[in-house]
Amino acid sequence: MGQSLNRFTLLLLLVSLLAGCRPEKPIEVYSEKKPADIMMVGISLRGNTTWTIKLVNAREKILAAEDDVYTFASSFNFSADPSNPEWKLPESWKKLDVVKPFRKATFEINDSPDPEQRTQVIVSELAMGQQSGSRDQTIAENINRWRKQMRIDPVLNYSVKKSGEQVEFSAGDLIVPYMKKVKVGGQTMYFEKIEGTRPKVAASAPFMNGMPNMGMHGDIAKMMAAKKEPQSSPPPVPFDYDVPAGWQPADSGSVSILKFSVGKGESPAQVSVSKFSAPAVNWESTVTMWQGQFKVAKTTGEELQKITEDISSDSIRGNLIRITGKDDKKGQSLLGVMIEHATGKWFFKLQGPDSTIDAERKNFESFVKSIQFRSDEKK
């Protein structure tokens, strides 16, 4: 199912389904040269947590790495710590020091002198709370989102008549049975190779439905960083805000809508702003994810309430928490805020060395309190 299903393909598939037998894989008819790029994705649902593996590059590079990716995935061992599995890297893979929301690890698997030709394998974890849909529905929703990122049509639900009765086929029925299945830590990870045109910027993290397009803002941020000029147009957010002195705009990346670099010298920190619309993304699940990133024990319920502070102004009210890292994250901290609004759930983070977090905390809180949602935004 690497490419968009055309009508003839769909007809052949539905006829097979109605006849009571599934083909080993949907029959696909190509009228053009195969797309040059492939996004290879794996997704595994483990209780209320979802793990994904993703890489995207030119067709020949992805196909060359395919077997190593399956071997890497099958090496996951969750027995010691469900939030920090152990794994075995293929010999040529190199771990990168990348810190981003939901990102557990990033690996580079070739050393091309052209950064655009390098392949990165991204491992992500998302604590989603109670899943509202079935396994197949959740997988299908994410495959369709990734298909959209590769600029191909989603696989839709279909209904056909059989003996005068309407028979329904969900997108999950048309996707999941044909995915590559790999045993990962006692569960199954479902893999798909999606053929299309790779995104110009990094794709969004899993389950980020309703996220705005980041490409334009990322380009603006890069130009600003290069020219060191004030921002000439407002960012794509539904609120106004005041930027503290000394904060410099930074490339927003794949998940953050706004990002700033703060602090000087060898102790910089980052401020990021993100919006999530998925109902299962809430304060507790997000704090759990942050605690996992900073190697801190999970805190929920009444214990979480005790360490959660209120942050408010005339225009906003939210939750604030500080998380101080342990083990290999010792010396690093995070200040996180969640604000619920009609436009979605907004998360503000300041993360970096302890000393910079201490020095910039007042500025960060002032920044959050300066948020003024515009009344003309759609509610």
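Note that the coordinates shown come from a computational prediction; the quantities given were computed from them, not determined experimentally. In this numbering scheme, every chain counts its residues from 1 along its sequence in written order. Residue-level local features of this predicted model are given only where pLDDT is at least 70; pairs of side-chain atoms are given and counted only at 80 or more, and the full residue set underlies all totals for whole chains, interfaces and linings. Excluded from the side-chain calculation are hydrogens and water; included are all heavy atoms of the structure.

Student: Looking at this structure, I do not really get the packing of aromatic side chains. What am I missing?
Tutor: The geometry of an aromatic ring pair comes down to the distance between the two centres and the angle between the two planes. Pairing of aromatic side chains requires ring centres within 6.5 Å, counting the rings of Phe and Tyr and the six-membered ring of Trp. Pairs whose planes differ by under 30 degrees are stacked, by over 60 edge-to-face, and all others tilted. Under the defined criterion, the tally for this structure stands at 25 aromatic pairs. Ring plane angle 55 degrees and centroid distance 5.0 Å describe the contact between phenylalanine 72 and tryptophan 93, whose orientation is recorded as tilted. Of this pair, phenylalanine 72 sits in helix H2 (residues 59–74) while tryptophan 93 is found in the loop between H2 and strand S3 (94–96), placing the two residues 21 residues apart along the sequence. Neither phenylalanine 72 nor tryptophan 93 differs from the other in exposure class; each is buried. Plain terms: the ring middles of tryptophan 247 and phenylalanine 260 are 5.8 Å apart, the flat faces sit at 45 degrees to each other, and that makes the pair tilted. Within this pair, whereas tryptophan 247 is found in the loop between strand S10 (239–240) and strand S11 (248–249), its partner phenylalanine 260 is found in strand S12 (residues 258–262), the two being separated by 13 residues in sequence. Of the two residues examined, tryptophan 247 and phenylalanine 260, each falls in the buried class. Among the aromatic residues, those joined into a ring-pair cluster are Phe239, Tyr241, Trp247, Phe260, Trp346, Phe348, Phe367 and Phe373. Counting from the N terminus, the helices are the DSSP runs of H or I reaching at least four residues and the strands are the DSSP runs of E reaching at least two. Buried residues are those whose accessible area, probed at 1.4 Å on protein chains only, stays under 20% of the maximum for their type, while exposed residues exceed 50% and partly exposed ones sit between those limits.

Student: Explanation requested: helix H3 (residues 135–149) in the structure shown.
Tutor: For the α-helix, the turn length of 3.6 residues means that residues three or four positions removed from each other point alike. For a helix, the expected span equals 1.5 Å multiplied by the residue count minus one. With 15 residues, H3 extends 22 Å between its outermost C-alpha atoms, agreeing within 8% with the 21 Å of an ideal straight helix rising 1.5 Å per residue. Considered for burial, the residues of H3 that qualify are Thr138, Ile139, Ala140, Asn142, Ile143, Asn144, Arg145, Trp146, Arg147 and Gln149. Looking at the buried side of H3, the elements it contacts are strand S1 (37–46), strand S2 (49–58), helix H4 (171–175) and strand S9 (187–196). Just past H3, the residue arginine 151 takes up positive phi, approximately 65 degrees. Residue contacts are defined here by distance: any two heavy atoms, one from each residue, within 4.5 Å place the two residues in contact.

Student: In this structure, what is going on with the pattern of salt bridges? I would like to understand it.
Tutor: Oppositely charged side chains are able to pair whenever their charged atoms sit close together. Salt bridges are identified by distance alone: a Lys or Arg side-chain nitrogen within 4 Å of an Asp or Glu carboxyl oxygen. On inspection of all chains with the given rule, the structure shows 12 salt bridges. Ionic pairing is found between arginine 317 and aspartate 310, a salt bridge with its closest N-O pair at 3.9 Å. Side by side, arginine 317 and aspartate 310 carry an identical accessibility label, which is exposed. Salt bridges linked by common partners bring Glu309, Arg361 and Glu365 together as one network.

Student: Explain the side chain of asparagine 142 here, please?
Tutor: Mapped onto the elements, asparagine 142 comes out in helix H3. Pairs of N or O atoms are called polar contacts if they sit within 3.5 Å, as long as, within protein, a hydrogen donor faces a hydrogen acceptor (for residues adjacent in sequence, only side-chain-to-side-chain pairs). For asparagine 142, the side chain forms a polar contact with the main-chain oxygen of threonine 138, separated by 2.9 Å.

Student: Explanation requested: the pairing of strand S15 (residues 317–324) in the structure shown.
Tutor: Along a regular strand, successive side chains alternate from one face of the sheet to the other. Summarising the sheet, strand S14 (residues 309–312) and S15 pair through four bridges and their orientation is antiparallel. Residue pairing in the sheet places isoleucine 311 in a bridge with glycine 318 of S15. Counting the residues that bridge the hairpin from S14 to S15 gives four residues. In the sheet, S15 pairs with strand S16 (residues 332–341) via seven bridges, with the strands oriented antiparallel. The residue of S16 that forms the bridge with glycine 318 is isoleucine 339. For two strands to count as paired, DSSP must find a minimum of two bridges between them.

Student: Looking at this structure, how should I read the nonpolar core?
Tutor: Of all hydrophobic cores here, the largest spans 26 residues; its most connected members are Phe239, Phe348, Phe364, Phe367 and Val368. At the level of secondary structure, the elements contributing two or more residues to this core comprise S12, strand S13 (269–276), S16, strand S17 (344–353) and helix H8 (354–369). Among the elements that make up this core, the one with the highest residue count is H8 (four residues). Once residues lying within four places of it in the same chain are set aside, the contact partners of phenylalanine 367 are Tyr241, Asp242, Pro244, Trp247, Phe260, Val271, Val273 and Phe348. In this text, buried Ala, Val, Leu, Ile, Met, Phe, Trp, Tyr and Cys residues form a nonpolar core when linked through side-chain atoms within 4.5 Å.

Student: Whenever I open this one, the environment of glutamine 187 confuses me. Can you help?
Tutor: Mapped onto the elements, glutamine 187 comes out in strand S9. When the C-alpha positions of glutamine 187 and serine 74 are compared, they lie 9.8 Å apart, and in sequence the two are 113 residues distant. Setting aside residues up to four positions removed in sequence, glutamine 187 forms contacts with Ser44, Leu45, Arg46 and Val182.

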